[in-house]
Amino acid sequence: MMFAVAIDGPAAAGKGTLSKRVAAHFGFAHLDTGLIYRATGARVLGGENPVDAAKTLRAEDLARDDLRTTEVAQAASKCAAIAEVRAALVAFQKDFAARDGGAVLDGRDIGTVICPQADVKLFVTASDEIRAERRFLELSGKGQEVTREGVLKDLRIRDQRDRDREAAPLAAAADADLIDTSDMDIDEAVAVAISTVGKVFRRR
Ligand code: DC
């Protein structure tokens, strides 16, 4: 059985947690596609050419423990604007979406480019300030030296770059369900997402 759920949205909108919990609820596999771009970005920070890094990405690159920093996030966003980098990473993501047993993919272009035929498409947002506050708490909780202002600035720069690029920009698919999590806690957002996916899944 193939069943694909596409979850897109700007940085720190809660896509990661939402995707993991939706996948666990339905027994689907989950792919955080941002991690692929972060792994590419981390190798570029290490001195490699972005296209070469994307073409030779390995499973162990995704397991690095230094991918969740603002520096790597910015490098990822810069690499992600290069069409050749994206092209090198498309096949893996498409194959993942088509796997037997169901798949949840989260990112920026899943519903528009990677999986336009997804069974369910969600676009998850929250206000800039709320996303920045959540990301600030996450990063400072891990002991990273960050400020609220710095995290907010970082998110805005990244979102603008991700939205304005020519190659597969961050955008909601025309048929995506929007979930604004500004006034929701994570459990409420997960309940909305599971209910939306469940309505389609039960008909299959
Ligand atoms: O989801 P994230 O914050 O870990 O993603 C890091 C960067 O990777 C993001 O700023 C843009 C890029 N990205 C992308 O262009 N397309 C995706 N499907 C996922 C991430």
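To start, this report covers the structure provided alongside it.

**Quick look at the overall build of the chain**
And then number 1: Each helix and strand counted, the chain has 10 helices and five strands in total.
And then number 2: Taking 17 Å as the expected radius of gyration for a compact globule of 204 residues, we find that the chain reaches 16 Å, a close match to that expectation.
And then number 3: With the principal axes as the frame, the chain shows a C-alpha extent of 50 × 35 × 30 Å.
And then number 4: Taken across its 204 residues, the chain has 50% of its residues classed as buried.
And then number 5: Across the chain, the fraction of contacts at a sequence separation of at least 24, relative to all contacts at a separation of at least 6, is 78%.

**Comments concerning the packing of aromatic side chains**
And then number 1: The final tally for this structure, using the stated rule, is five aromatic pairs.
And then number 2: Through a chain of ring-to-ring contacts, three or more aromatic side chains come together here, namely F3, F26, F28 and F201.
And then number 3: We note R99 situated over the ring of F96; from NZ or CZ to the ring centre the distance is 4.6 Å.

**A few points about the nonpolar core**
And then number 1: Judged by nonpolar contacts, the single largest core of 21 residues is most densely connected at Y37, V85, L89, F96, L105, I110 and C115.
And then number 2: Put simply, the parts of the chain that give this core at least two residues each are strand 1 (4-8), strand 2 (29-32), helix 2 (33-45), helix 3 (50-55), helix 5 (70-80), helix 6 (83-97), strand 3 (103-107) and helix 7 (110-114).
And then number 3: Among the elements that make up this core, the one with the highest residue count is helix 6 (four residues).
And then number 4: Not counting the four nearest positions on each side in its chain, C115 is found in contact with A4, A97, I110 and K121.
And then number 5: One finds A13, A193, V197 and V200 within the second-largest nonpolar core, a separate group that totals 20 residues.

**A short note on the site of the ligand**
And then number 1: Close contacts around the ligand come from 15 residues, with R38, R86, R108, D162 and R165 the closest.
And then number 2: Interatomic distance of 2.5 Å between a side-chain N/O atom of R38 and an oxygen atom of the ligand.
And then number 3: Look at the ligand: alone it shows 450 Å² of surface, and the protein chains cover 98% of it.
And then number 4: Going through the elements one at a time, helix 2, helix 5 and helix 9 (148-164) are the ones with two or more residues in the shell around the ligand.
And then number 5: Sort the elements by how many residues they give to the shell around the ligand and helix 2 lands first, with four residues.
And then number 6: Residues belonging to the shell around the ligand are distributed by class as follows: three nonpolar, four polar and eight charged.

**Considering helix 6**
And then number 1: With 15 residues, helix 6 ought to run about 21 Å at 1.5 Å a step, and its terminal C-alpha atoms sit 20 Å apart, in line with that.
And then number 2: For helix 6, the complete set of buried residues consists of V85, R86, L89, Q93, F96 and A97.

**With respect to the side chain of T181**
And then number 1: Of note, T181 is situated in the loop between strand 5 (177-180) and helix 10 (186-201).
And then number 2: Here T181 falls in the buried class, since its relative accessible area comes to 4%.

**What to know about the pattern of salt bridges**
And then number 1: Here the structure, examined in full by the defined rule, presents 21 salt bridges.
And then number 2: For R158, the salt bridge identified is with D154, shortest N-O distance 3.9 Å. Linking R158 with D154, this pair stays in helix 9, spanning four residues, or about one helical turn.
And then number 3: The shortest N-O distance in the salt bridge between D162 and R165 comes to 3.5 Å. Each of the two residues, D162 as well as R165, counts as buried.
And then number 4: Overlapping salt bridges, with partners in common, bring together R43, E48, R58, E60 and D61 in one network.

**Structural notes on the sheet that holds strand 4 (residues 120-125)**
And then number 1: Across the sheet, five strands lie side by side as 2-3-1-4-5; this open sheet has parallel pairing. One side of each edge strand has no neighbouring strand; the edge strands of this open sheet are strand 2 and strand 5. Each neighbouring strand pair of the sheet contributes to a mean axis angle of 20°, computed without reference to strand direction.
And then number 2: As judged from the five bridges shared by strand 1 and strand 3, these two strands associate in the parallel manner. In the sheet register, D8 faces strand 3, and the bridge partner there is G107.
And then number 3: Across the sheet, helix 1 (residues 15-26) is in contact with strand 1, strand 2, strand 3 and strand 4; its angle to strand 3 comes to roughly 180°.
And then number 4: Packing against the sheet, helix 10 makes contact with strand 1, strand 4 and strand 5, and its axis sits at approximately 165° to strand 4.

Basis of the calculations
Residues numbered from 1 in each chain as written. Predicted model: local features only at pLDDT ≥ 70, side-chain atom pairs only at ≥ 80, totals over all residues. Heavy atoms only, no water. Helix = DSSP H or I, 4+ residues; strand = E, 2+ residues; numbered from the N terminus. Rg over C-alpha atoms; globule rule 2.2 N^0.38 Å. Buried < 20%, exposed > 50% of the residue type's maximum accessible area, 1.4 Å probe, protein only. Contact = heavy atoms within 4.5 Å. Phe/Tyr/Trp six-rings, centres within 6.5 Å; stacked < 30°, edge-to-face > 60°. Lys NZ or Arg CZ within 6 Å of the ring centre and 35° of its normal. Core = buried A, V, L, I, M, F, W, Y, C linked by side-chain atoms within 4.5 Å. Near = heavy atom within 4 Å. Polar contact = N/O pair within 3.5 Å; in protein donor to acceptor, adjacent residues only side chain to side chain. Areas by Shrake-Rupley, 256 points an atom, 1.4 Å probe, with all protein chains shown as cover. Nonpolar A, V, L, I, M, F, W, Y, C, P; charged D, E, K, R; others polar. Expected span 1.5 Å × (residues − 1). Salt bridge = Lys/Arg side-chain N within 4 Å of Asp/Glu carboxyl O. Pairing = 2+ DSSP bridges. Axes fitted to C-alpha atoms, helices over the stretch in contact; angles between N-to-C directions.

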